[in-house]
Each structure stands twice: as C-alpha cells, then as structure tokens.
There are 2 protein chains.
Amino acid sequence: MKHRIYVVGIGPGSLQGMTLQAREILDGCDCIVGYDTYINLIRHYFPGKEFVTTGMTKEVERCRMVRDRALQGQTVAIVSSGDAGIYGMAGIMHEVAAGEDIDIEVIPGVTAASAGAALLGAPLVADTCLISLSDLLTPWEKIANRLDCAAAGDFVICLYNPASKKRADYLEKACDIILRHQPADTPAGIVRNIGREGQEVTVLTLGELRKMHLDMFCTVFIGNSQTKNIGGKLVTPRGYHL
Amino acid sequence: MKHRIYVVGIGPGSLQGMTLQAREILDGCDCIVGYDTYINLIRHYFPGKEFVTTGMTKEVERCRMVRDRALQGQTVAIVSSGDAGIYGMAGIMHEVAAGEDIDIEVIPGVTAASAGAALLGAPLVADTCLISLSDLLTPWEKIANRLDCAAAGDFVICLYNPASKKRADYLEKACDIILRHQPADTPAGIVRNIGREGQEVTVLTLGELRKMHLDMFCTVFIGNSQTKNIGGKLVTPRGYHL
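About the cut-offs
- Residues numbered from 1 in each chain as written.
- Chains lettered and ligands numbered in written order.
- Predicted model: local features only at pLDDT ≥ 70, side-chain atom pairs only at ≥ 80, totals over all residues.
- Heavy atoms only, no water.
- Helix = DSSP H or I, 4+ residues; strand = E, 2+ residues; numbered from the N terminus.
- Contact = heavy atoms within 4.5 Å.
- Polar contact = N/O pair within 3.5 Å; in protein donor to acceptor, adjacent residues only side chain to side chain.
- Phe/Tyr/Trp six-rings, centres within 6.5 Å; stacked < 30°, edge-to-face > 60°.
- Buried < 20%, exposed > 50% of the residue type's maximum accessible area, 1.4 Å probe, protein only.
- Axes fitted to C-alpha atoms, helices over the stretch in contact; angles between N-to-C directions.
- Parallel < 35°, antiparallel > 145°, perpendicular 65-115°, else oblique.
- Left-handed = near helix turned anticlockwise from the far one by under 90°.
- Nonpolar A, V, L, I, M, F, W, Y, C, P; charged D, E, K, R; others polar.
- Pairing = 2+ DSSP bridges.
- 1 Å grid on protein atoms, 1.4 Å probe; cavity = no way out; pocket = protein on both sides within 12 Å on 5 of 7 lines; lining within 4 Å.
- Points joined across faces, edges and corners; volume = space filled by probe spheres on them.

Notes on the environment of Ser225(B)
So, point 1. Among the secondary structure elements, Ser225(B) is positioned in the loop between β11 (218-222) and β12 (228-230).
So, point 2. Ser225(B) sits 70 residues away from Phe155(B) along the chain, and the two C-alpha atoms are 8.4 Å apart.
So, point 3. Excluding its chain neighbours within four sequence positions, the residues that come into contact with Ser225(B) are Lys142(A), Asp154(B) and Gln182(B).
So, point 4. A polar side-chain atom of Ser225(B) sits 3.1 Å from a polar atom in the side chain of Gln226(B).

Considerations on the packing of aromatic side chains
Residues and elements named next belong to chain A.
So, point 1. Under the definition given, this model contains six aromatic pairs over all chains.
So, point 2. With a centroid separation of 4.5 Å and 45° between ring planes, the pair formed by Trp140 and Tyr170 is classed as tilted. A residue pair is termed long-range when its members are at least 10 positions apart, and Trp140 in helix α6 (residues 140-152) and Tyr170 in helix α7 (residues 170-178) qualify at 30 residues. Like Tyr170, Trp140 is buried.

Some words on the packing of α6(A) against α7(A)
All names here are of chain A.
So, point 1. Following both chains from N to C, one finds α6 and α7 inclined at 40°, their axes separated by 8 Å at the closest point. In terms of axis orientation, α6 runs oblique to α7. As α6 packs across α7, the resulting crossing turns out to be right-handed. For the pair formed by α6 and α7, the contact residues are Trp140, Ala144, Leu147, Asp148 and Ala151 on the first element and Tyr170, Lys173, Ala174, Ile177 and Ile178 on the second.
So, point 2. Split into classes, the residues belonging to the contact of α6 with α7 amount to eight nonpolar, no polar and two charged.

Side note on the environment of Gly17(A)
So, point 1. Mapped onto the fold, Gly17(A) is located in the loop between β1 (3-9) and α1 (20-28).
So, point 2. In sequence terms Gly17(A) and Gly195(A) are 178 residues apart; their C-alpha atoms lie 7.9 Å from each other.
So, point 3. Not counting the four nearest positions on each side in its chain, Gly17(A) is found in contact with Ile10(A), Gly11(A), Pro12(A), Val110(A) and Thr19(B).

A look at the sheet that holds strand β12 (residues 228-230) of chain A
The strands making up a sheet associate through hydrogen bonds between their backbones, and the pairing can be parallel or antiparallel.
Residue and element names in this part refer to chain A.
So, point 1. Taken together, the three strands give an open sheet; going across it, the order is β6-β13-β12, and neighbouring strands pair in mixed fashion. With one partner strand each, in any of the chains shown, β6 (121-122) and β12 form the two edges of the open sheet.
So, point 2. Sheet analysis places β6 next to strand β13 (residues 233-235), joined by two bridges and oriented parallel. Of the residues in β13, the one forming a bridge with Gly121 is Leu234.

Considering empty space enclosed by the protein
So, point 1. Per the stated rule, a full pass over the model turns up two cavities of 30 Å³ or more.
So, point 2. Looking at the largest cavity, the residues that line it are Ile86(A), Thr111(A), Leu130(A), Ile86(B), Thr111(B), Ala113(B), Leu124(B), Thr128(B) and Leu130(B).
So, point 3. By residue class, the composition of the lining of the largest cavity is six nonpolar, three polar and no charged.
So, point 4. In this structure, the second largest cavity spans a volume of roughly 30 Å³.
So, point 5. Every residue lining the second largest cavity is listed: Val125(A), Thr236(A), Pro237(A), Arg238(A), Tyr240(A), Gly88(B), Gly91(B), Ile92(B) and Glu95(B).
So, point 6. When the residues that make up the lining of the second largest cavity are grouped by side-chain class, the tally is four nonpolar, three polar and two charged.

The following block contains the structure:
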C-alpha cells in the first residue's frame, strides 16, 4: 500500500478562509500535526480529531514525526497557516520524506499576500515580489540583494516576517534599500493578525513605514511607482483606459 | 444606505478550491458578474442565480456595469479566477468605483501560483516573483527588466500569461533573459488547466522550457539556484539542516 501525507494550507485561520478541499482532508485524516499556534486556530473546528503540536522552530522534527506516522499506516495531515507552499511546510516535508514510498499531496490555501492585499484594497494586481525578512534560513546579504533587485524592477513588494525581537531594525534596513529606487511617499500598507481576532489594517507611506516597529504577526506591502491611495485603499492601477 | 460590491476570487475553478467565505458571498448576492469562461466554471454550483457575462477584454465595461447595479441597490459579486487581487479584477473595480458611495470588499482566493506550486511539489517556499508576460497593459521593456531583476536576485519566478497567439515568442525571450543569470539545467515546471478538466503537470529544465509552445491556460515556474527535482517534484529547499 502506498502511504500518503497531506500538507494543508489553512488560510488566515478561520474556517471561512479555508477551502472546501482543505476542510474535507482535515475532516478525513487520522491525525493533524502542526505548530501549536496554528493548531489552536483550527482545533475547535475538528472535534474528536487527534492533534499533535510542536514548537515553532521544530520543523524538521515535525516532518519526521509525520513521515514516521505515515509509514506506520496513518493518514496524516500537516498544516501551515496561509498556503503551505509559500513559506510553509510543503518544501521541508518533501525533503524529509524523499526516497520513501509516500505520496505527498499539497492542498493550497490563501496566503497572507492575498488575504492582506484584499483588506488593503488591490496592491498586488501588478507584478509582485514576495520576500521574507527572516534571516534564520537565508543570509541577510541575500535578502538585501533581493530587496534591491525587487525595487530596481519596480515590483510591488510584499514582506513576510517583517520583524521579530532579534531583528528589530530589519524593516528599517529594508525600507532604506527600497528608498534608493522609490520615493518616500510611495504608498504602503501593514496588515496585522489577518483574518483573526485583533485584525489591524494600516495604510501609510514608505517613509512612515521605515519608522514602524512591527511584530511577526504583520505582513507588509510596498507599492510600485504606479500604486495609489484611492479613498484610503491601496490600489495599483494596471493601465486600463478609464 | 451604503452600497456594496464584492470582488470574489473563486480559486482554480472547482467548488472544492473555493473558500467557504467565497461560496457564502456568491450564494447570498443578487447577481454574479464575470468573464464568460470563469462564469461557466461556477454557474452550476449556484442554480437559480442571475449571471451576467462579458467577453475577455471588456474589464472596464464589466466594472461599470457592476458599479451601476450596486448604485441601484443590488448586491453584486464580480468574480476572478484564482485570487481577485493577483492579476484579477480587484484593482480596476476600485478604480471604476472611486468617489462613489460604495464599499468594495475583496474576498481572496487561491491564486494560480499557489495551486500550481502545490501540484508541482514546493517550488515557492522561498522568495518569489510573480510576473505576467502579457504586454496588453505593460510594455515589454518593463516586463523584460523585471525578468532580469528577478533572475539577478535569485528569486523563484512564477510566470502568469506565459503565451498567447499574438506573443508566441515571449516565453523564449523571457527564458533567454533568465538564462543570463541561471544555468539551463535549472529545474522548471508548467501547469496547465490547474484544477480543471485536462489538468497537465510537466517538470522540465529552463533550457527545455525555452523551446516550449504554451497557451494562456498555462502557469510557468522557474526555480532559483537552490531548486531541485526530488523524485519528479520541484522543491526549493529553504536551508533546514536535515
């Protein structure tokens, strides 16, 4: 018998933001594994289900546990918030299960770029770069070069993991790089706790963003040269003739 | 009374790939407006609903119709496939309704980058650029510069609208630009008719991709310097120690 693992993106966190497919897979599996913060978002939607939680930086251990349970015959789902394929568990799960007789099926979800953009208006309808400011797995020099290339290409930029206690000044450094190419009045936005309790939406400018102190629950949006503030909404016109 | 328009991302096209929120909004609205190809994907899920379809390049007219119906008191939903905020109708809808007493609510969906990546494996778990090769609204020189910047930054690249009859050689030109920075054996992928009848998934290399003739139903993925082919799946390792 071929074994199977589901890697499921749950969207922002409510049942409403999950796809029907994600919900059905989670309903039907033997066990749901994930980082405890995300499991706590969905636990009450699946009463009676076995949940296994691990801490934030335990990604490899989590995937090994999922692999071992699958090899023992369990149908296991491992969850990521947002989309499991965008800064989520889909990659490391494939790496950990490489060479095993296991089918891995990734169930896509609504990523923070999409969910946050929807709240801000429509900043991402043009070409966009997604960049994580976390240097846990990527050296800062590489991140800095990507920020420079993204701004040089006049991309809209969406920043994941814009800050944490250990890298309090990364957002300021990132804005300084983008300011080499874009003016300080470029429209920008911050969305915090997307789709969850305490959701906050802020429209501001790149110059103002530079001075903000954010936490890891934020996603940041920086417009391209065309992005406008239309009645408090962040909108990037694509060039239609109105 | 404040008027309201919903701009709804329906995901790849099946009910399974839609969020619960999108389904509820479409169930509850008076009228669903969209490009006929997308309306035909969802029409049978909402029996008895009024649908209004327009042709592919009629985006501005479509949004004006939605605005006018909303001002007359109807609750109107305008749909995009994938996510309405990523190359979808959210931007032009905000522009057309600017200055009117209308609340526009964007309901995010699963975009082709997420849905296609899930089928290919996990190419997008690292920093990613989304670039459309359509020059209907963006001059080719700007697209070419973005391709160059994206490859120079070692981003994973996801191409929307990789080809059409009028721009048969754009994918080749795009690959040539990326080949200045990445070797020809860089893993790449093509997904066609994502989540729909006739779905096709192809894993190949950047050099092979350059010679492909694609249509507008395809989404293309090109790895960064770290992307690997693991057992036929496209995976971009993020740098976890295994």
